[in-house]
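A look at the structure
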Amino acid sequence: MEKVEVVVVGGGPAGLAAACVLAEAGVEVLVVERGDYSGSKNVTGGRLYLEPVRPFLPDLWEGAPFERRVVKERLTMMAPESSLTVELNSRRFRREPPCSVTVLRATFDQWLAEKAGERGAIVIPGYKVDDLLTEDGRVVGIRSADAELQADVVVAADGVLSFIAERAGLRARPDPQKVAVGIKEVIELPEEKIQDRFGVGPGQGVAQLFFGSITQGMFGGGFLYTNRRSLSLGLVLGTHALMEKKPPVQPHDLMEAFKARPEVENLITGGQPVEYSAHSIPEGGPAGMSRLVADGMVVVGDAAGLALNQGVTVRGMDLALVSGALAGRAILRAREMQDYGAATLASYEQALKASAAYKDFATFRHVPEVLSNPRLFEEYPQMACDLFEQIMWIGAQPKEKMSRTALRTVGKFMRPRYIGDLWRMRKI
Ligand SMILES: Cc1cc2nc3c(=O)[nH]c(=O)nc-3n(C[C@H](O)[C@H](O)[C@H](O)COP(=O)(O)OP(=O)(O)OC[C@H]3O[C@@H](n4cnc5c(N)ncnc54)[C@H](O)[C@@H]3O)c2cc1C
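We now turn to the structure provided with this report. (Residues numbered from 1 in each chain as written. Predicted model: local features only at pLDDT ≥ 70, side-chain atom pairs only at ≥ 80, totals over all residues. Heavy atoms only, no water.)

**Describing the overall build of the protein**
Broken down by element type, the protein carries 14 helices and 19 strands. For the protein, the C-alpha radius of gyration of 23 Å lies close to 22 Å, the compact-globule estimate for 428 residues. Based on the C-alpha atoms only, the size of the protein along its principal axes is roughly 85 × 50 × 40 Å. The 428 residues of the protein split such that 54% are buried. The long-range share in the protein, meaning contacts at least 24 apart out of those at least 6 apart in sequence, stands at 73%. Charged side chains of the protein number 51 positive and 53 negative; the gap between the two group centres comes to 9 Å. (Helix = DSSP H or I, 4+ residues; strand = E, 2+ residues; numbered from the N terminus. Rg over C-alpha atoms; globule rule 2.2 N^0.38 Å. Buried < 20%, exposed > 50% of the residue type's maximum accessible area, 1.4 Å probe, protein only. Contact = heavy atoms within 4.5 Å. Lys, Arg positive; Asp, Glu negative; His and termini not counted. Charge placed at Lys NZ, Arg CZ, Asp CG, Glu CD.)

Printed below as a string of structure tokens:
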């Protein structure tokens, strides 16, 4: 039977980051990807935070196919008939190197696969792994429909529903409480129109997140990212909330209603939808993570449950890249010692837990629980919109003092359920 030093299952950012680090150091590494090419089956909202990643992959980024650097942040609270948008512009977002950029996965992942290839990794698309090879409880390789391949280490980088980590006994079957579903459209628009519509210059972009009535009280929200010649628009919905919803709603109906809102319609009008996709996202925080190492195996990226939705930011690609790079480094250490047991590979877990990206993941561990409160998506956006509407509205009747309007609004929060919500908020 053929043998390589390392086989990586899954050619997304997590697997390819591991492959880059390993191949650079001269390790024989094979990446197997079930899609026709890296990026063909991958879905993301679209914004990659680079700052947490650079320390671990410092030399990778020249020529990267980033769409736009994000220079403007918008957060929109949606009530059924009104909305309130907060917009942040800051010079900090314009400094070099960019702190966050938008990406389209079909091009970004292919480019990353090329980088891994240039460093010496072999990336094989159209290769679906069906099972693990094990010997005396340790992982020793992979099995596909027509081949078996041995390896010193298998890197499970096969995404949110990681069958590989499950087969190794490192995680249970996905729990709907700990997974969300995302749907996304890519809508083409001319480059100049995007710049005019969003008030940005060439190469500059906007990230806009939406929360409130668009998810009908369910955990989740909307996103809009500007690419060079397209917009990435979508919704994320808690799977469990969706399953429990009475009467039931379909995600694509919510998406159509979202697109029909004037706040969104005015931004996408005249655009041509060119891509539609749906995908799961880990939402369980550290409580939803798999174990990270076994004898002969490490788990990285979404496969390990490493994604963080703070409501105001969505992260997963940076965690995927960081975990992949750190897993690669730990495998190099294990190779020096010629010991691929779990105890040696555990240096990956230690390094990951010391990284800023993971520390954020741990700091915001209570976010899933706090965000499961329907009032955050119904009552609070409505209250915020009402307050501003009352302040801004000039009608036929005389107005009261603004301080009185504000106090009346604050007074509404003096009820036990709102105080309880505020108390729970301290956890995030
Ligand atoms: C709607 C949505 C919005 C998001 N928004 C953002 C965002 O704006 N910013 C952000 O940072 N993150 C975002 N995320 C999360 C981010 O996309 C993921 O965290 C990231 O893609 C994880 O990368 P990965 O390499 O671990 O997994 P994936 O990118 O899922 O890669 C796994 C790969 O494994 C392959 N594979 C699976 N099974 C097998 C098998 N048996 N054999 C061979 N290959 C296999 C798959 O084809 C795939 O290519 C979003 C996710 C979704 C769904």
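**Things to note about the site of the ligand**
With respect to spatial proximity, 35 residues lie near the ligand, and among them Glu-33, Gly-45, Arg-47, Arg-105 and Asp-302 are the closest. Between the ligand and Val-129 there is a distance of 3.0 Å, counted from a nitrogen atom to a backbone nitrogen or oxygen. Met-317 places a polar main-chain atom, nitrogen or oxygen, 2.9 Å from an oxygen atom of the ligand. For the ligand, whose free accessible area comes to 1000 Å², the fraction covered by protein is 97%. Secondary-structure elements contributing two or more residues to the shell around the ligand are helix H1 (13-24), strand E2 (29-33), strand E13 (220-226), strand E15 (272-282), strand E19 (314-315) and helix H8 (317-337). When residues of the shell around the ligand are assigned to their parent elements, the largest contribution, three residues, is made by E15. Taken together, the residues of the shell around the ligand sort by class into 14 nonpolar, twelve polar and nine charged. (Near = heavy atom within 4 Å. Polar contact = N/O pair within 3.5 Å; in protein donor to acceptor, adjacent residues only side chain to side chain. Areas by Shrake-Rupley, 256 points an atom, 1.4 Å probe, with all protein chains shown as cover. Nonpolar A, V, L, I, M, F, W, Y, C, P; charged D, E, K, R; others polar.)

**Examining the pairing of strand E1 (residues 3-9)**
The buried count for E1 comes to six of seven residues, which makes it a mostly enclosed element. Here four bridges tie E1 to E2, and the two strands are oriented parallel to one another. Looking across to E2, one finds that Val-6 is bridged to Val-29. As for the winding sense of the linkage, the β-α-β connection from E1 through H1 to E2 is right-handed. (Pairing = 2+ DSSP bridges. Right-handed = clockwise from strand over helix to strand, strands pointing away.)

**Some points on unusual backbone geometry**
With an omega of -10°, the peptide bond between Glu-96 and Pro-97 qualifies as cis. Inspection of the secondary structure assignment puts Pro-97 in the loop between strand E5 (83-89) and strand E6 (100-102). Unlike most non-glycine residues, Asp-136 shows phi in positive territory, near 50°. Assessed through its relative accessible area of 83%, Asp-136 is described here as exposed.

**Quick word on the nonpolar core**
Grouped together as the largest cluster of nonpolar side chains are 98 residues, with contacts concentrated most on Trp-61, Ile-142, Met-297 and Tyr-348. Looking at this core element by element, the count peaks at eleven residues for H8. In contact with Ile-142, not counting residues within four places along its chain, are Val-7, Val-9, Val-32, Tyr-127, Val-129, Asp-131, Leu-132, Leu-133, Ala-147, Glu-148, Leu-149 and Val-154. Counting 26 residues, the second largest nonpolar core, distinct from the first, contains Val-206, Ile-214, Val-249 and Leu-267. (Core = buried A, V, L, I, M, F, W, Y, C linked by side-chain atoms within 4.5 Å.)

**Considerations on the packing of aromatic side chains**
Tallying each qualifying case throughout the model produces nine aromatic pairs. In this structure, Arg-315 is placed above the aromatic ring of Tyr-49, and the distance from its NZ or CZ to the ring centre is 6.0 Å. (Phe/Tyr/Trp six-rings, centres within 6.5 Å; stacked < 30°, edge-to-face > 60°. Lys NZ or Arg CZ within 6 Å of the ring centre and 35° of its normal.)

**Re the pattern of salt bridges**
Going through the model one piece at a time under the given rule, you end up with 28 salt bridges. Among the salt bridges present, the one from Glu-256 reaches Lys-259, with a minimum N-O distance of 3.8 Å. In this pair, Glu-256 and Lys-259 both sit in helix H6 (residues 251-260), three residues apart, roughly one turn of the helix. Judged by relative accessible area, Lys-259 falls into the buried class, the value being 15%. The structure contains a network of salt bridges with shared partners spanning Lys-72, Arg-74 and Glu-87. (Salt bridge = Lys/Arg side-chain N within 4 Å of Asp/Glu carboxyl O.)

**Regarding empty space enclosed by the protein**
According to the stated counting rule, one finds two cavities of 30 Å³ or more in the structure shown. Each pocket or cavity is described by its volume, and for the largest cavity that value is around 60 Å³. What lines the largest cavity is simply Glu-283, Gly-284, Gly-285, Pro-286, Ala-307, Leu-308, Asn-309, Phe-361, Phe-364, Arg-365, Val-367 and Pro-368. Mapped onto the lining of the largest cavity, the elements with two or more residues apiece are strand E18 (308-309) and helix H11 (367-370). Considered class by class, the residues forming the lining of the largest cavity number seven nonpolar, three polar and two charged. (1 Å grid on protein atoms, 1.4 Å probe; cavity = no way out; pocket = protein on both sides within 12 Å on 5 of 7 lines; lining within 4 Å. Points joined across faces, edges and corners; volume = space filled by probe spheres on them.)

**Focus: the pairing of E2**
Across the five residues of E2, five count as buried, placing the element largely inside the fold. Here E2 shows no split at all, with Val-29, Val-31 and Glu-33 on one side and Leu-30 and Val-32 on the other all buried. Here E2 runs beside strand E7 (residues 122-125); their pairing, made up of four bridges, is parallel. When the sheet's bridge partners are listed, Leu-30 is paired in E7 with Ile-122.

So far we have only geometry, and geometry alone does not tell us how the molecule works.
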